[in-house]
Amino acid sequence: MVYRRFDPGTVRFVFLSMMFLASGETIVRGDGKILAPNATARITIPDQQALIHYADKTQRLVIETRFIGPGTEFAWVVPLPAIPEITAVTRGLFPTVR
């Protein structure tokens, strides 16, 4: 597994975001929820694509998303069944699949 170390401010923001989501005050879809520190910020997701690959009892999920909103600090909370291993893929993955 790959674990990344985050600064305390980021950890606090993600924790508070998770608590907000757990409170039932918002709609959460399978593709996750983009959150900003400013709760009134309007965030839109103009396009998104995903690839799910299952082989040898391992499921791989690749998501490419773009979002528009004010500021530069965002958290993207994606519901997953377990702690994921996060790795980068090449930018050519989705054009190749298409």
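Residues numbered from 1 in each chain as written. Predicted model: local features only at pLDDT ≥ 70, side-chain atom pairs only at ≥ 80, totals over all residues. Heavy atoms only, no water.

Enquirer: Is there a simple way to think about the overall build of the protein in this case?
Expert: Helix and strand content of the protein: two helices and four strands. Moving toward the C terminus, one meets the helices and strands of the protein in the order α-β-β-β-β-α. When contacts within the protein are restricted to residue pairs at least 6 apart in sequence, long-range pairs at least 24 apart make up 53% of them. Per element, the accessible surface of the protein, about 8,200 Å² overall, is 57% carbon and sulfur. (Helix = DSSP H or I, 4+ residues; strand = E, 2+ residues; numbered from the N terminus. Contact = heavy atoms within 4.5 Å. Areas by Shrake-Rupley, 256 points an atom, 1.4 Å probe, with all protein chains shown as cover.)

Enquirer: Is there a simple way to think about the environment of T72 in this case?
Expert: For T72, the position within the fold is in the loop between β3 (58-68) and β4 (75-77). Remark: the alpha-carbon pair of T72 and P37, spanning 35 residues in sequence, is separated by 9.9 Å.

Enquirer: Looking at this structure, how should I read the pairing of strand β2 (residues 44-55)?
Expert: The two faces of a sheet get side chains in turn, since along a regular strand they alternate between them. Sheet topology places β2 next to β3; 10 bridges connect them, and they run antiparallel. Across the sheet, the residue bridging to T44 is I68, located in β3. If you look at the hairpin formed by β2 and β3, you'll find two residues sitting between the two strands, and D56 has a positive phi there, around 55°. (Pairing = 2+ DSSP bridges.)

Enquirer: Teacher, can you tell me more about the confidence of the model for the protein here?
Expert: Detailed reading of the predicted model is not advised wherever pLDDT is low. For the protein, per-residue confidence averages 76 on the pLDDT scale, and residues scoring 70 or more make up 68% of the total. The secondary-structure element of the protein with the lowest mean pLDDT is helix α1 (residues 8-22), recorded at 63, while helix α2 (residues 93-97) shows the highest, at 87. (pLDDT = per-residue confidence, 0-100.)

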